[in-house]
Amino acid sequence: MSETNAQASTRLDQRPEWHALAKHREELADVHLRDLFDRDPDRGSRYTLQVGDLHLDYSKQLVTDETLRLLRELAAATGVFPLRDAMFRGERINVTENRAVLHTALRAPQSATIDLDGQNVVPGVHAVLYKMTQFADRIRSGEWTGYTGRRIRNIVNIGIGGSDLGPAMAYEVLRTHTDRDLTVRFVSNVDGADLYEAVRDLDAAETLFIIASKTFTTIETITNATSARQWLLGELGAGDEAVAKHFVALSTNAEKVSDFGIDPQNMFEFWDWVGGRYSFDSAIGLSLMLAIGPNAFREMLAGFHLVDEHFRTAPPEQNVPLLLGLLGVWYGGFHDAQSHAVLPYSHYLSKFTAYLQQLDMESNGKSVDRDGNPVSWQTGPVVWGTPGTNGQHAYYQLLHQGTKLIPADFIGFARPVEELGALAGHHDLLMANFFAQTQALAFGKTPDEVRAEGVPEELVPHKTFRGNHPTTTILATELTPSVLGQLIALYEHKVFVQGAIWNIDSFDQWGVELGKVLAKRVEPALTEGADVPGLDPSTKALVARYRELRGR
Ligand code: F6P
């Protein structure tokens, strides 16, 4: 039995380290963050870590030195570190799909060697990066022209899930680094409205479609790509010969790409050891590279790599992804927290939490362990959140005074991005809110403090804030491509740590299959009124009503 298997074989909730944490949790039951800060005046500076450009303050977490020690012991006992090393080495740690998990190779430097089945994967990664760079340069310089000879000014990425969320999110994050003369849009939903709205005001002669699909079989993407081709050829009044100038593919499946009619020369390859939700720094990032340029894209990869190296080598006490993973295990396992909020105080990070939802929930939304046994502990949380300060005027009420414990990450930046320099005052106001919120969540307001303000007694309970809501603050100087890479790698490895401790396969996603299979089965019932076997009575009645309303 390998070291990793041996360590995973004891059930999590039967481990002495788990029991020790449960007992410790009881001891901490009545301890408030106010007490923890009173006891340790240095807590605000002692409970901080740095990785790359990211300063992390976890002093407002419901933990003590003892909690952290016990959590690290749990990590050691559950084999987080050997599994981490196995991942970096390219072992097949995605057990249910028998695949290696090597997204870290996508940002490894050219000089690195990462062997998979006796072959170094790094040269292949850099060959694709080089091909992407050449293509990006040709598009951005106007050298690559469309079928009618016009320069490409519009990029439409068609993909879904991991083939959409990453580049769509990063395009927003790095807007100020983009070529503002290029229009870049992302189409994912099979709802025709998505494609319609994306192309309705575009000139087909100046439009490039990037069809992003690891498998090139995903029904939403193939449907959208087929309609996009029809639209393009119709607008240009051209035949299939126009496709080569207006369609490229990002995929692992050359055969399907070619069946679709895209020249394999125009395919940017990646590999089955890159999970969809971990793929955005592979060829899947082509739309982003076209927007921000190859140099900024490489800066972003360097940011990823910096955090990979930190995760791989930093001692447990200083290991930031480890800490974030352990905190989630602490709240899910011992505080019954069901969700985790990620609250970026940057408008540019508006899609960041949506991206993390796939990363975290598709990875760790599992209820059987790696051997297929049901787990009896909480696994991945519901991840949610929107940029501050908007959330403050929506759902923060529940964070402050609701009945639920919702740990939250606050992400903010010391400087606004350069282009906003002229809008003086906004940024300090934004960040004043950022700091005020974590303070209010942690320390609240006691009834005595409320009374001291002259509040009538009957309103005191309403104006009291219990506090004790845990938050992590992540602060960086500026939102750069490298910082974006650092942030994403941080969360990737946090998710890894949690999956390792919960002993689940964080790299498969069987849960999305059933819905896909049923949708295929139900479709003829909608279109042809076919009597589809196996439809439950509720769905059957709904389909009948749908057909009636649709006029069929
Ligand atoms: O949602 C399931 C999933 O397989 C994701 O993991 C993946 O990112 C997405 O579908 C898209 O898949 P593909 O890139 O193969 O089209």
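All of these numbers come straight from a predicted model, not from anything done at the bench.

Enquirer: Got a sec to walk through the pattern of salt bridges? Specific residues and values, please.
Expert: By the definition in use, this model includes 28 salt bridges. As a salt-bridge pair, Arg107 and Asp308 come within 2.7 Å of each other at their nearest N and O atoms. A residue pair is termed long-range when its members are at least 10 positions apart, and Arg107 in the loop between helix H6 (80-89) and strand S3 (115-116) and Asp308 in helix H14 (residues 294-313) qualify at 201 residues. On the basis of relative accessible area, Asp308 is assigned to the buried category, the value being 1%.

Enquirer: Give a detailed account of the pairing of strand S10 (residues 339-344), specifying residues and quantitative values.
Expert: Within S10, six of the six residues are buried, leaving the element largely enclosed by the surrounding structure. A two-sided burial pattern is seen for S10, the buried positions comprising Ser339, Ala341 and Leu343 on one face and His340, Val342 and Pro344 on the other. Pairing of S10 with strand S11 (residues 382-384) involves three bridges; the strand directions are parallel. Residue His340 lies in a different strand from S11, and its bridge partner there is Val383. The handedness of the S10 to S11 crossover, carried by helix H16 (residues 352-364), is right-handed. By the bridge criterion, four bridges tie S10 to strand S12 (residues 408-413) in an arrangement that is parallel. Directly across from Pro344, in S12, lies its bridge partner Ile411.

Enquirer: How would you summarise the pairing of strand S8 (residues 247-251) if you had to cite specific residues and measurements?
Expert: Burial within S8 is extensive, with five of its five residues counted as buried. As paired elements, S8 and strand S9 (residues 267-269) share three bridges and run parallel to each other. Bridge pairing in S9 places Leu250 opposite Phe268. The parallel pair S8 and S9, bridged by helix H12 (residues 254-260), forms a crossover whose chirality is right-handed.

Enquirer: Which residues make up the site of the ligand, and what values do they have?
Expert: Taken together, 13 residues sit near the ligand, with Ser163, Ser213, Thr215, Thr218 and Glu362 positioned nearest. Contact distances for the ligand include 2.6 Å between an oxygen atom and a side-chain N or O atom of Ser163. At a separation of 2.6 Å, an oxygen atom of the ligand approaches a polar side-chain atom of Thr215. Against a free-state accessible area of 390 Å², the protein chains account for coverage of 87% of the ligand. Grouping the amino acids of the shell around the ligand by side-chain chemistry returns two nonpolar, nine polar and two charged.

What counts and how
- Residues numbered from 1 in each chain as written.
- Predicted model: local features only at pLDDT ≥ 70, side-chain atom pairs only at ≥ 80, totals over all residues.
- Heavy atoms only, no water.
- Salt bridge = Lys/Arg side-chain N within 4 Å of Asp/Glu carboxyl O.
- Helix = DSSP H or I, 4+ residues; strand = E, 2+ residues; numbered from the N terminus.
- Buried < 20%, exposed > 50% of the residue type's maximum accessible area, 1.4 Å probe, protein only.
- Pairing = 2+ DSSP bridges.
- Right-handed = clockwise from strand over helix to strand, strands pointing away.
- Near = heavy atom within 4 Å.
- Polar contact = N/O pair within 3.5 Å; in protein donor to acceptor, adjacent residues only side chain to side chain.
- Areas by Shrake-Rupley, 256 points an atom, 1.4 Å probe, with all protein chains shown as cover.
- Nonpolar A, V, L, I, M, F, W, Y, C, P; charged D, E, K, R; others polar.

The quantities given are spatial measurements derived from coordinates; they are silent on function.
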